[in-house]
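# Summary of structural features
As a plain string of letters, each chain reads:
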Amino acid sequence: MIRYCKVRYSGTPQLATYQELSNFLAEVERRAYKQALFAVRDEHGALDIVQDSMLKLTEKYSAKPVEEFPMLFQRILQNTIRDYYRRQKVRSLWTTLLSSFSSHQEEEYDPLETLEVADDSNKIHRPEETLARSQVVKLIEQALKNLPARQREAFLLRYWEELDVSQTAAAMGCSEGSVKTHCSRATHAVAAFLKSKGIEP
Amino acid sequence: MNEPINEYGLAKRITQHLDYGASKLDGHVQFRLQAARQHALEAYAKPHHHFSLAWGGHGGRNSHHRGHSPFRAWLPLAVLLLGLMFITYWQTTEQMNDLSEIDAHLLAEELPFHAFIDTGFDTWLKGSSEE
């Protein structure tokens with residue numbers, strides 16, 4: 001797939017117009033959501049992260065040339081995911097502290113009430129091929145979720161977002177060597193996971 | 001021992017599957033993403049980075065797609081400056097009018113002008129008012 005940043009002309013950088021910004025966001029939003037979902041494993045949290053990232057890009061960097069958007073947006077997205085982790089950590093700390101004072105509430109908690117059942121009803125009548133592909137996608141997504149955060153981040157930025165090594169390093173705030181190592185480990189780990197499930201990658 | 005694999009080729013095959021997965025998002029997720037995008041784009045229309053006054057247009061960043069004249073952005077500032085100049089002029093004129101009025105009163109008084117700067121006259125006035 002050709003990403004938005006690659007179809008732009010080269011030469012003197014020009015400031016992004018409203019339409020260019022809109023096209024960029026439309027092009028990147030689904031992958032951004034998936035990235036956030038792999039990281040935080042919560043649909044609402046992932047959607048909030050994408051919304052915050054889009055807003056930050058628009059408010060602070062919309063005057064930048066459109067060629068810089070992919071890297072800037074990825075940097076914002078990764079920082080927003082990290083902020084989410086921090087907030088979750090603080091929240092869980094308070095929850096642990098408070099729950100130790102009110103242990104009786106645990107008795108009333110029924111985990112079945114909050115369990116979300118995957119709605120597969122619409123997939124029953126789909127062709128076999130589509131179902132098989134969906135299953136492969138699910139396995140790949142599961143493999144990505146199981147990766148260490150930095151490896152997943154490097155893999156997605158480098159191969160899915162098609163940033164080059166230096167851009168990936170800048171977005172992640174690490175060296176280019178680290179990016180290569182993370183990418184290599186991530187690719188091998190995903191391949192090994194798929195093999196263990198009987199899928200030849 | 002792991003067999004050597006073509007990392008890039010493998011990674012691209014994996015991301016093709018990821019693209020497929022991203023194209024099959026649930027309707028409500030797509031709707032939320034679209035709403036988030038619209039929300040972000042609304043912020044683009046607001047003047048955050050450039051100096052301009054409320055009804056003077058947004059100037060700068062947005063002028064290229066709104067077609068506003070650059071003069072429009074500075075019009076309120078010009079009006080404000082003219083207003084300040086007028087107030088200053090009016091205050092100076094008022095002050096001069098007041099002074100000339102006082103002068104006219106002083107000159108029209110029957111009491112000689114020297115009486116006002118004579119300290120003896122002031123003492124006499126105080127003494128006569130006490131009596």
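Residues numbered from 1 in each chain as written. Chains lettered and ligands numbered in written order. Predicted model: local features only at pLDDT ≥ 70, side-chain atom pairs only at ≥ 80, totals over all residues.

## Some words on the overall build of chain B
Selection criterion: The helix count covers DSSP runs of H or I at least four residues long, the strand count covers runs of E at least two residues long, and both are numbered beginning at the N terminus. With C-beta atoms placed from the backbone, a residue is labelled by how many other C-beta atoms lie within 10 Å of its own: buried for 20 or more, exposed for 12 or fewer, partly exposed between the two.
Within chain B, the regular secondary structure consists of six helices and zero strands. Per-residue burial for chain B yields a buried fraction of 11% across its 131 residues.

## Details of the overall build of chain A
We count it as follows: Note that contacts rest on C-beta atoms placed from the backbone: two residues are in contact if these are within 7 Å.
The helix and strand inventory of chain A stands at nine helices and zero strands. The linear arrangement of helices and strands in chain A, starting from the amino end, is α-α-α-α-α-α-α-α-α. With 201 residues in all, chain A has 34% of them scored as buried. Within chain A, counting contacts between residues at least 6 apart in sequence, those at least 24 apart form 64% of the total.

## Examining the nonpolar core
Where a protein is soluble and globular, its nonpolar side chains tend to be buried together. This is how the line gets drawn: Working definition: the nonpolar core is a set of buried Ala, Val, Leu, Ile, Met, Phe, Trp, Tyr and Cys residues, joined through C-beta atoms within 7 Å. Domain delimitation in this document rests on an assignment produced automatically or drawn from a domain database.
Core analysis: the biggest nonpolar cluster contains 51 residues, and Y33, A36, V50, M54, A154, F155 and V190 of chain A have the highest contact counts within it. Here this core takes 10 residues from helix α1 (residues 18-40) of chain A, the largest share from any one element. Two domains each provide a minimum of three residues to this core, namely domain 1 (13-101) and domain 2 (122-201) of chain A. In this view, M54 of chain A contacts L25 of chain A together with A36, R37 and A40 of chain B; residues no more than four positions away in its chain are not counted.

## Some words on the interface of chain A and chain B
Our working definition: Amino acids are sorted into nonpolar (Ala, Val, Leu, Ile, Met, Phe, Trp, Tyr, Cys and Pro), charged (Asp, Glu, Lys and Arg) and polar (every other residue, Gly among them).
Across the contact, 35 residues belong to chain A and 31 residues belong to chain B. Counting only elements with at least two residues in the side of chain A that touches chain B, the list comes to α1, α2 (43-61), α6 (128-146), α7 (149-160) and α9 (176-196) of chain A. Sorting elements by how many residues they give to the side of chain A that touches chain B places α1 of chain A first, with 10 residues. For the side of chain A that touches chain B, the per-class residue count stands at 20 nonpolar, eight polar and seven charged.

## A look at the packing of α7 of chain A against helix α8 (residues 165-172) of chain A
All names here are of chain A. Spelled out, the test is: Note on method: axes are straight lines fitted to C-alpha atoms, helices fitted across the in-contact stretch only, with angles between N-to-C directions ranging 0 to 180 degrees. Oblique is the label for every angle not falling under 35 degrees (roughly parallel), over 145 degrees (roughly antiparallel), or within 65 to 115 degrees (roughly perpendicular). Here is the rule for handedness: rotate from the far helix to the near one, and if that takes an anticlockwise turn smaller than a right angle the crossing is left-handed, while a clockwise turn gives right-handed.
It is at 9 Å that the axes of α7 and α8 come closest, and there the two elements cross at 140°. Of the possible angle classes, the one that applies to α7 and α8 is oblique. For the element pair α7 and α8, the recorded crossing hand is right-handed. Residues E153, A154, L157 and R158 of α7 lie in contact with α8, whose contacting residues are V165, T168, A171 and M172.

## Examining the confidence of the model for chain A
Stated formally: Per-residue confidence from the predictor is given as pLDDT, running between 0 and 100.
With 79% of its residues at a pLDDT of at least 70, chain A reaches an overall mean of 81. Every residue in residues 5-10 of chain A scores below 50 in pLDDT, and together they form six contacts with partners more than four places removed in sequence or on other chains.

## Thoughts on the packing of α7 of chain A against helix α1 (residues 7-23) of chain B
Geometrically, a packed helix pair is captured by the angle between its two axes and the distance between the axes. Running from N to C, α7 of chain A and α1 of chain B point in directions that differ by 90°, and their axes come no closer than 10 Å. Classified by the angle their axes make, α7 of chain A and α1 of chain B are roughly perpendicular. Within the contact between the two elements, α7 of chain A uses F155, Y159 and W160 of chain A and α1 of chain B uses A11, K12, T15 and L18 of chain B.

## Some words on α6 of chain A
Formally: Multiplying 1.5 Å by the residue count of a helix minus one yields the expected span of that helix. By arc we mean the arc of the directions from the helix axis to the C-beta atoms, nothing more.
Under the 1.5 Å per step criterion, the end-to-end length of α6 of chain A is 27 Å for 19 residues, consistent within 8% with the ideal 27 Å. The complete set of buried residues in α6 of chain A reads I140, A143 and L144 of chain A. Buried positions in α6 of chain A, seen along its axis, are confined to an arc of 100° and lie on one side of it. Looking at α6 of chain A, the residues exposed on the side facing more than 90 degrees away from the buried face are E128, T130 and K145 of chain A. Tucked into the core, α6 of chain A has its buried residues touching α1, α7 and α9 of chain A together with α1 of chain B.

## With respect to α1 of chain B
Residue and element names in this part refer to chain B. When the terminal C-alpha atoms of α1 are compared, their 24 Å separation across 17 residues agrees well with the 24 Å that a helix rising 1.5 Å per residue should span. Considered for burial, the residues of α1 that qualify are A11, I14, T15 and L18. Taken around the axis of α1, the buried residues stretch over an arc of 100°, which confines them to a single face. Across from the buried face of α1, at angles greater than 90 degrees, the exposed residues are G9 and S23.

## A look at the confidence of the model for chain B
Low-confidence regions, as indicated by low pLDDT, have predicted coordinates that should not be scrutinised in detail. Residue and element names in this part refer to chain B. Confidence in the prediction for chain B averages 78 pLDDT; 76% of positions are at 70 or higher. Taken element by element, the predicted model of chain B shows its lowest mean pLDDT in helix α3 (residues 63-66) (44) and its highest in α1 (91). Note on residues 56-67: pLDDT is under 50 here. Beyond four places in sequence and across chains, it has 27 contacts. Quick note on the complex model: pTM equals 0.61, ipTM equals 0.74.

## What about unusual backbone geometry?
The bulk of non-glycine residues show a negative phi, and the bulk of peptide bonds are trans. All names here are of chain A. Of note, R41 is a non-glycine position whose phi angle comes to about 55°, a positive value. Among the structural elements, R41 can be located in the loop between α1 and α2. A count of 10 C-beta atoms within 10 Å places R41 in the exposed class. The backbone of E162 sits at a positive phi, close to 60°, despite the residue not being glycine. Tracing the sequence through the fold places E162 in the loop between α7 and α8.

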